[in-house]
Amino acid sequence: MSGQKLKIFDSLARPLKDLRISVTDQCNFRCSYCMPAEIFGPDFPFLKQTELLSFDEIVRLVRQFAKMGVEKLRITGGEPLLRKDLHLLIRELNKVEGIKDIALTTNGVFLPKQADKLRAAGLKRINVSLDAIEDEVFKKMNGRNVGTGPVLKGIAAAQKAGLGVKVNTVVKKGANESQIIPLASHFKGSGVVLRFIEFMDVGNTNGWNYESVVTKKEIVERISEVFPLETADANYYGEVADRFEYKDGTGEVGVISSVSDSFCSSCTRARLSADGKLYTCLFASSGTDIRELVRSGADDQEILANLVAVWEKRDDRYSDERQEEALSGAGTGSSTGRKQRRKIEMSYIGG
Ligand code: SAM
Ligand code: SF4
Ligand code: SF4
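Let me sum up the structure you'll find in this document. From a predicted model like this one, the values you see are computed outputs, not experimental measurements.

### Notes on unusual backbone geometry
Backbone geometry places Ala13, a non-glycine residue, at a positive phi of 65°. Relative to the elements of secondary structure, Ala13 occurs in the segment before strand 1 (18-22). We classify Ala13 as exposed; its relative accessible area is 56%. One non-glycine residue, Asn145, lies in positive phi territory at about 60°. Mapping Asn145 onto the fold places it in the loop between helix 4 (135-142) and helix 5 (149-160).

Structure below.
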């Protein structure tokens with residue numbers, strides 16, 4: 001099977017192209033929209049070390065995913081840079097045949113110590129999450145009273161190490177919408193691409209409701225009033241962010257509009273949790289235990305057959321359904337139990 005790619009599609013004719021790998025469910029922040037401190041407290045039952053997939057197990061699985069068509073990997077968490085020696089995993093993943101691109105999503109705090117090692121291991125680009133420029137707003141957003149200084153230092157360290165940098169900003173109404181223009185202004189012309197993300201109803205703990213979403217339309221209008229924008233083409237099929245270029249040629253911003261303008265029909269992503277469960281949607285209730293299969297002595301062919309079976313069964317389109325319900329006036333989904341449905345948490349699955 002070496003070098004040969006299978007042509008696999010899910011039940012809605014979507015290929016598998018991207019794999020998001022969570023390497024830990026722990027984090028040094030407590031962002032209110034992701035890991036609210038009152039729920040993720042000192043007694044929260046985080047995964048034990050023995051429950052986590054080892055680097056060897058992850059690499060072995062990625063080899064099978066690559067045979068199914070996966071070309072892009074995103075390493076995430078929790079906070080992925082809390083996983084010891086993460087650069088060693090990146091180095092091994094970089095050698096897997098068929099993998100063309102590896103990216104990492106991080107809150108940036110540990111980048112000053114790790115950026116050079118990550119770059120040397122073959123990482124080319126990172127996304128750093130930063131929800132505000134003003135210290136006071138950011139301290140509230142991250143739930144740990146950390147100012148923007150450590151994250152901005154992390155971004156600078158990444159740029160110095162030669163990593164391509166994008167900044168992700170989740171916008172939550174009443175919390176940090178005041179930061180849209182200051183963030184745009186800060187990163188405009190810096191070579192860093194800023195991407196705003198609509199606040200999503202991932203998990204069951206972040207108190208999400210429609211009213212707290214600032215939509216793509218609103219975000220683009222606000223920026224355009226100060227810095228005129230024009231729409232730009234997607235870089236590739238299935239790109240999650242809509243792109244907008246500053247008319248004065250000083251760069252671009254992106255908006256990920258999972259709520260107001262969903263994109264399930266082109267969703268080519270699977271997600272592997274830190275304890276080896278495979279999820280075919282960010283809003284899934286349950287996953288398939290691949291760790292159990294690996295640790296039970298299954299050979300590569302058996303593992304591949306299981307992964308293929310999961311993907312071929314896939315029919316997820318949660319965000320499209322949410323949007324259809326909203327447009328039909330069915331409210332926030334109580335008729336289908338969407339609000340009640342148990343969903344995996346963002347810090348566990350990694351975004
Ligand atoms: N800790 C890392 C970080 O924050 O970049 C990686 C994991 S974090 C779960 C991945 C991304 O998900 C971050 O950019 C974060 O802002 C985003 N995120 C978390 N909860 C979200 C939510 N409810 N809606 C939209 N984006 C969210
Ligand atoms: Fe941690 Fe990232 Fe979640 Fe914030 S968004 S709590 S940094 S995992
Ligand atoms: Fe993909 Fe699920 Fe998000 Fe739709 S809701 S884009 S299927 S992860």
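### Focus on the site of ligand 1
As a structural note, the neighbourhood of ligand 1 is formed by 19 residues, with Tyr33, Gly78, Ser129, Val170 and Met200 the closest of them. Within the side chain of Ser129, an N or O atom sits 2.5 Å from an oxygen atom of ligand 1. A distance of 2.9 Å is found between a nitrogen atom of ligand 1 and a backbone nitrogen or oxygen belonging to Met200. In isolation ligand 1 offers 540 Å² of accessible surface; the protein chains occlude 94% of this area. Of all elements in the fold, only strand 3 (101-106), strand 5 (164-171) and strand 6 (193-198) reach the threshold of two or more residues within the shell around ligand 1. Here the shell around ligand 1 is built from residues that sort into 7 nonpolar, 10 polar and 2 charged.

### Considering the side chain of Lys343
Relative to the helices and strands, Lys343 resides in the loop between helix 10 (318-327) and helix 11 (346-349). The exposure class of Lys343 is buried, given its relative accessible area of 7%.

### Observations regarding the packing of helix 3 (residues 111-120) against helix 5
Relative orientation of the contacting elements helix 3 and helix 5 amounts to 20°, with a least axis distance of 8 Å. When the interaxial angle is binned, helix 3 and helix 5 end up roughly parallel. Relative to helix 5, the crossing made by helix 3 is right-handed. On helix 5, the residues that touch Leu111, Pro112 and Ala115 of helix 3 are Lys153, Gly154, Ala157 and Ala158. Within the contact of helix 3 with helix 5, the residues separate by chemical class into 5 nonpolar, 1 polar and 1 charged.

### Regarding empty space enclosed by the protein
Applying the stated criterion across every chain, the model contains 3 cavities of 30 Å³ or more. Estimated volume of the second largest cavity: approximately 40 Å³. Around the second largest cavity, the lining residues are Lys166, Val193, Arg195, Asn235, Glu239, Ala241, Arg243, Glu252, Val253 and Gly254. Elements that contribute at least two residues to the lining of the second largest cavity include exactly strand 6 and strand 9 (252-256).

### Looking at the pattern of salt bridges
Per the stated rule, a full pass over the model turns up 26 salt bridges. Here Asp10 and Arg314 are joined by a salt bridge, their closest N and O atoms 2.9 Å apart. Here the residue Asp10 occupies a position in the segment before strand 1, and Arg314 occupies one in the loop between helix 9 (300-313) and helix 10, the gap between them amounting to 304 residues. Side by side, Asp10 and Arg314 carry an identical accessibility label, which is buried.

### Considering the packing of aromatic side chains
For the structure shown, the criterion picks out 8 aromatic pairs. The interplanar angle of 40° and the centroid separation of 4.5 Å between the aromatic rings of Phe40 and Phe44 together place this pair among those described as tilted. Classification of Phe44 as partly exposed rests on a relative accessible area of 28%. Three or more aromatic residues link up through ring pairs in this structure, and these residues are Phe40, Phe44 and Phe46. The residue whose ring lies beneath Lys188 is Tyr246, and the NZ or CZ to ring-centre distance is 5.1 Å. A cation over an aromatic ring shows up here: Arg322 above the ring of Phe283, its NZ or CZ 5.2 Å from the ring centre.

### A short note on the packing of helix 1 (residues 55-67) against helix 9
In contact at an axis separation of 10 Å, helix 1 and helix 9 are set at 60° when each is read in the N-to-C sense. By the angle between their axes, helix 1 is oblique relative to helix 9. Like other packed secondary-structure pairs, helix 1 and helix 9 cross with a definite hand, here right-handed. Here Arg60, Leu61, Gln64, Phe65 and Lys67 of helix 1 lie close against helix 9, whose contacting residues are Asp300, Ile303, Leu304 and Leu307.

What counts, and where the lines are drawn
Residues numbered from 1 in each chain as written. Chains lettered and ligands numbered in written order. Predicted model: local features only at pLDDT ≥ 70, side-chain atom pairs only at ≥ 80, totals over all residues. Heavy atoms only, no water. Helix = DSSP H or I, 4+ residues; strand = E, 2+ residues; numbered from the N terminus. Buried < 20%, exposed > 50% of the residue type's maximum accessible area, 1.4 Å probe, protein only. Near = heavy atom within 4 Å. Polar contact = N/O pair within 3.5 Å; in protein donor to acceptor, adjacent residues only side chain to side chain. Areas by Shrake-Rupley, 256 points an atom, 1.4 Å probe, with all protein chains shown as cover. Nonpolar A, V, L, I, M, F, W, Y, C, P; charged D, E, K, R; others polar. Axes fitted to C-alpha atoms, helices over the stretch in contact; angles between N-to-C directions. Parallel < 35°, antiparallel > 145°, perpendicular 65-115°, else oblique. Left-handed = near helix turned anticlockwise from the far one by under 90°. Contact = heavy atoms within 4.5 Å. 1 Å grid on protein atoms, 1.4 Å probe; cavity = no way out; pocket = protein on both sides within 12 Å on 5 of 7 lines; lining within 4 Å. Points joined across faces, edges and corners; volume = space filled by probe spheres on them. Salt bridge = Lys/Arg side-chain N within 4 Å of Asp/Glu carboxyl O. Phe/Tyr/Trp six-rings, centres within 6.5 Å; stacked < 30°, edge-to-face > 60°. Lys NZ or Arg CZ within 6 Å of the ring centre and 35° of its normal.

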